[in-house]
Amino acid sequence: MLMLPSARTIETPVHVTAPDACDARQSDWRKALPVLAAEGVTLRALRASDAATLLALLTTEEVARFISPPPTTVDGFERFIAWTHRQQADGRYLCFGIVPAGRTDAVGLIQVRALDRAFDLAEWGFAIGSAFWGTGMFQESARAVLAFAFTELPVCRIEARVVADNGRGIGALKKLGAGCEAVLRQSFCRNGARSDQLLWSIGREDWLFAHATWGGRVH
C-alpha cells in the first residue's frame, strides 16, 4: 500500500436508487474533509497531534514492510501531515485518519490520490496499526472512504497496488469487491530488495450496483 512523500457524516452502507454514469460532484472537501462515521470508527482529516501515535504504529516491521517508507520521527510525521493538507487544498489528494471509538488519535490512515486531471482515476493506499488488525475496523473504514469517493468525487475507478506477499491486504481488497487485473513485476523496492505487486481495482458502477437499494415490490 502507498505512503506518499513527506462537515457531513456519511454512514455505510450507502443507499442509492441505481447506478449511473460518472459525473463531477461539487464538494468543499478541498477546504475541509468531512467526518465519516462507520461502526466503531470515525474518519477525519489528519492532525499534527496524530504524529506521535502514527509514528509508533506505522513504523513497526509488520506494518512498514508492505508500504513505501514512512517518516521515522514525530517531526517527519508532522511534516507529512502538513503535506497532506496542502495536497488536499490543491484538489489532487485526500487523506483520512482512522480513529477508533473511544480514542481521539488516529491509529491508521487511508489515502486517495488522483491519477488524472479530472480525478476520474484514483489510487488509494492504507495502513493501520497491527493492534487493530482483525477487528473489522479497516473494512468499515475502507467502505466509508469508498462511499465518499464514489458518491462525492468524480472518481470512476480506484486502483491499489499490493505487494504479492501481503496476504492480509489482498484479503481485505477481495472483501471490498476489488478485482485483480495484473502482476507488476519487481515494481516494489524495500531495503534494496524488489518484489512483485498486484494491481487491484474497484469501478464506480460496480460498487454502486453492489450497494444499491432497489425500491418497490416485485410481483
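Preceding this paragraph is the structure being described.
To keep things clear, this report deals only with the structure shown in the data block. Please read all numbers here as calculations on a predicted model, not as lab measurements.

Parameters at a glance
Residues numbered from 1 in each chain as written. Predicted model: local features only at pLDDT ≥ 70, side-chain atom pairs only at ≥ 80, totals over all residues. Heavy atoms only, no water. Pairing = 2+ DSSP bridges. Helix = DSSP H or I, 4+ residues; strand = E, 2+ residues; numbered from the N terminus. Axes fitted to C-alpha atoms, helices over the stretch in contact; angles between N-to-C directions. Contact = heavy atoms within 4.5 Å. Phe/Tyr/Trp six-rings, centres within 6.5 Å; stacked < 30°, edge-to-face > 60°. Buried < 20%, exposed > 50% of the residue type's maximum accessible area, 1.4 Å probe, protein only.

**A look at the sheet that holds strand S6 (residues 157–163)**
One open sheet holds the eight strands; their spatial order is S1-S2-S3-S4-S5-S6-S8-S7, and the pairing between them is mixed. What marks the edges here is a single partner per strand, and that holds for strand S1 (36–38) and strand S7 (179–190). Averaged over all pairs of adjacent strands, the angle between strand axes in this sheet comes to 25°, irrespective of strand direction. Inspection of the sheet shows strand S2 (residues 41–45) paired to strand S3 (residues 93–100) by five bridges, in the antiparallel sense. Paired with Arg44 across the strands is Gly97, a residue of S3. In this fold helix H5 (residues 167–175) packs onto strand S5 (121–128), S6 and strand S8 (193–203), with an angle of close to 155° to the strand it touches most, S6.

**Let's talk about the packing of aromatic side chains**
For the structure shown, the criterion picks out eight aromatic pairs. Considering the side-chain rings of Phe80 and Trp83, the 6.1 Å spacing of their centres and the 25° angle between planes classify their relative orientation as stacked. With Phe80 and Trp83 both in helix H3 (residues 74–89), this residue pair falls three residues apart, about one helical turn. Trp83 matches Phe80 in its accessibility class, with the two residues each being buried. Considering the side-chain rings of Phe126 and Phe138, the 4.6 Å spacing of their centres and the 50° angle between planes classify their relative orientation as tilted. Here Phe126 is found in strand S5, whereas its partner Phe138 is found in helix H4 (residues 137–152), with 12 residues between them in sequence. Both residues of the pair, Phe126 and Phe138, belong to the buried class. Among the aromatic side chains, those forming a connected cluster through ring pairs are Phe77, Phe80, Trp83 and Tyr93.

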